[in-house]
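Given next are the chains, with one letter for each unit.
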Amino acid sequence: MTRRFALMIDPATADAVRDDFADTFTRVDAAAPALSVGELSTQRGDGVFESIGVVDRHAQEVVPHLERLAHSAKLCDLPVPNQEQWRQAIEQAAADCGEGEYVIKLILSRGVEHGPTPTAWVTVAPASDFSAVREAGVRVVTLDRGYDLDIAERAPWLLLGAKTLSYAVNMAALREAHRRGADDAIFLSRDGYVLEAPTASLILRSGDRFVTPAPNGGILHGTTQLSVFDHLTAQGFEVAYEQVPASALTTADAAWLVSSVRLAAPITAIDDVSLPVDAAFTAELNQYLLSPRD
Ligand code: PLP
């Protein structure tokens, strides 16, 4: 049986210190009304979120997701999320998932217009079946993001590096990629450096060395990329965060888009230039990503 529901988190308990937060969660069916029409998350996309992969009721990488939620909240001047309360909400939500792959979303919104507190909730839904794309891979196009690499420090109000609910631009970039005959996109900075995909991080392989764009360039620091780097380091590979020029894309030995729910999708072509795919290596990577990770 597939399950779709939300746990609404009582905002009055956001600062509470206690062992058990179970009575601060209200379960609502995904089809039931739960939000006020004055919600600033729906009116302005004003809030932050996380998407966590769940495999056979195990929520993956909970602490890195909670840390990034707190980082995003700080960048947006939202109250610091109560880590223990959110951890218990995730635990309860994961326990009620079915077998197989699910996605838990954490949402922390500015709240209701003129209302006193932020609104917070956790949703549960079955994940899409990404098994084919994990094998067959994705064709990508590069798209100009319109900012220089140093924009995050020069203009922090753009909230780059925060996982905000305002994903309309990311979704538009995916539609543009589809219009150009590709499956996904890689954003480039205006000054010609590689950034990230609209919903994933990029990892490039060169021999036994793996590189990802440094996360201080106004991109999200991906929890999956972090986990992949730990895994690769344990296997004796070299990993590095670098400023990656766009010219490095098509000379890589292999490349992947990695994210919490789709996991590792090998890139088969960038701007119509084919890239080699190591099917066995990618399968092992996804096997690792599907194993329980904390
Ligand atoms: N970059 C962006 C813009 C994203 O939206 C995401 C995930 O949604 C990622 C990177 C990858 O992050 P994670 O591996 O934590 O899912």
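Here the residue numbers are simple positions, counted from 1 along each chain's written sequence. Residue-level local features of this predicted model are given only where pLDDT is at least 70; pairs of side-chain atoms are given and counted only at 80 or more, and the full residue set underlies all totals for whole chains, interfaces and linings. Think of the side-chain values as coming from all heavy atoms in the structure, minus any hydrogens and water.

On to the site of the ligand. Here a residue is considered near a molecule or strand provided that any single heavy atom belonging to it is located within 4 Å of it. Around the ligand there are 18 residues in total, and Lys-163, Tyr-167, Thr-223, Thr-224 and Ser-260 lie nearest to it. Two N or O atoms form a polar contact when they lie within 3.5 Å of each other; inside protein one atom must be a possible hydrogen donor and the other a possible acceptor, and for residues adjacent in sequence the pair counts only when both atoms belong to side chains. In the model, an oxygen atom of the ligand is placed 2.5 Å from a nitrogen or oxygen of the Tyr-167 side chain. The side chain of Thr-224 places a nitrogen or oxygen atom 2.5 Å from an oxygen atom of the ligand. Only the protein chains shown count as cover for residues, with accessible areas throughout obtained via the Shrake-Rupley method and a probe of 1.4 Å. For the ligand, whose unbound accessible area comes to 390 Å², protein coverage reaches 95%. Each residue is assigned to one of three groups, with Ala, Val, Leu, Ile, Met, Phe, Trp, Tyr, Cys and Pro labelled nonpolar, Asp, Glu, Lys and Arg labelled charged, and all others, Gly among them, labelled polar. Looking at side-chain class alone, the shell around the ligand contains six nonpolar, nine polar and three charged residues.

Attention shifts here to the side chain of Glu-50. Its place among the elements puts Glu-50 in strand β3 (residues 47-55). With relative accessibility at 0%, the residue Glu-50 sits in the buried group. Any two residues whose heavy atoms approach within 4.5 Å at even a single point are treated as in contact. Once residues lying within four places of it in the same chain are set aside, the contact partners of Glu-50 are His-65, Arg-68, Leu-69, Ile-104, Lys-105, Leu-106 and Lys-163. Helix numbers and strand numbers start at the N terminus; a helix is a DSSP run of H or I with at least 4 residues, a strand a run of E with at least 2. Three exposure classes are used, based on accessible area relative to the maximum for each residue type with a 1.4 Å probe and protein chains only: buried under 20%, partly exposed in between, and exposed over 50%.

Let us now look at the pairing of strand β5 (residues 101-109). Judged by how many residues are buried, β5 sits mostly within the fold: seven of nine residues are covered. Any two strands with at least two DSSP-identified bridges between them are counted as paired. The sheet contact formed by β3 and β5 spans nine bridges and is antiparallel. For Gly-47, the partnering residue across the bridge sits in β5 and is Ser-109. As paired elements, β5 and strand β6 (residues 119-126) share eight bridges and run antiparallel to each other. If you follow Val-103 over to β6, its bridge partner there is Ala-125.

This part covers unusual backbone geometry. One non-glycine residue with positive phi stands out, namely Arg-57, at about 70 degrees. Along the polypeptide, Arg-57 turns up in the loop between β3 and β4 (58-59). Here Asp-77, not a glycine, exhibits a phi torsion of approximately 55 degrees, which is positive. Mapped onto the fold, Asp-77 is located in the loop between α2 (62-75) and α3 (83-95).

Moving on, we get to the sheet that holds β4. Within a sheet, adjacent strands bond to each other through the backbone by hydrogen bonds, running parallel or antiparallel. If you trace the six strands from one edge of the open sheet to the other, you get β2-β1-β6-β5-β3-β4, paired in antiparallel fashion. Two strands lie at the open edges of the sheet, namely β2 (25-29) and β4, each paired on one side alone. Sheet topology places β3 next to β4; two bridges connect them, and they run antiparallel. Residue Val-54 lies in a different strand from β4, and its bridge partner there is Ala-59.

Between two aromatic rings, the relevant description is the distance of the centres plus the angle of the planes. By convention, a stacked pair of Phe, Tyr or Trp rings (six-membered ring in the case of Trp) has centres within 6.5 Å and planes under 30 degrees apart, an edge-to-face pair has planes over 60 apart, and any other such pair is tilted. Evaluation of the coordinates by the stated rule reveals seven aromatic pairs. Aromatic pair Trp-256 and Phe-281: ring centres 5.5 Å apart, planes at 40 degrees, arrangement tilted. Remark: Phe-281 occurs in helix α8 (residues 279-290) and Trp-256 occurs in strand β12 (residues 254-259); sequence separation between them is 25 residues. By the burial criterion, Trp-256 is buried, and Phe-281 matches it. Members of the aromatic cluster, joined through ring pairs, are Phe-210, Phe-237, Trp-256 and Phe-281. Whether a charge lies above a ring is judged from NZ of Lys or CZ of Arg, which has to be within 6 Å of the ring centre and within 35 degrees of the ring normal. Directly above the aromatic system of Phe-187 lies the positively charged group of Arg-145, at a separation of 4.6 Å from the ring centroid. Its guanidinium or amino end placed over the ring of Tyr-288, Arg-293 lies 5.8 Å from that ring's centre, counting from NZ or CZ.

Domain parsing of the protein yields domain 1 (5-126) and domain 2 (131-289). Look at where the C-alpha atoms of domain 1 and domain 2 centre, and you get two points 26 Å apart. Two parts placed together each lose some accessible area under a 1.4 Å probe, and the buried area is that loss summed for both. Summing both sides of the interface, domain 1 and domain 2 together bury roughly 1500 Å²; the carbon and sulfur share of this comes to 60%. Here, a salt bridge means any Lys or Arg side-chain nitrogen found within 4 Å of an Asp or Glu carboxyl oxygen. There are one salt bridge connecting domain 1 and domain 2. Among the salt bridges present, the one from Glu-101 reaches Arg-134, with a minimum N-O distance of 2.8 Å. Here domain 1 and domain 2 share 10 residue pairs in polar contact (both at pLDDT 80 or more) between them. Of all the elements in the fold, those that place two or more residues in the side of domain 1 that touches domain 2 are α1 (40-44), β3, α2 and β5. Here the side of domain 1 that touches domain 2 is composed, by residue class, of seven nonpolar, nine polar and six charged. Domain borders in the structure are assigned automatically or taken from a domain database.

A helix is expected to span 1.5 Å for every residue after the first. Over its 14 residues, α2 runs 20 Å from end to end, which matches the ideal 20 Å to within 8%, given 1.5 Å per residue. Residues Val-62, His-65, Leu-66, Arg-68, Leu-69, Ala-70, Ser-72 and Ala-73 constitute the buried set of α2. In this structure, the buried side of α2 is in contact with β3, β4, α3, β5 and α7 (223-234). The first or second residue beyond α2 is Asp-77, which carries a positive phi of 55 degrees.

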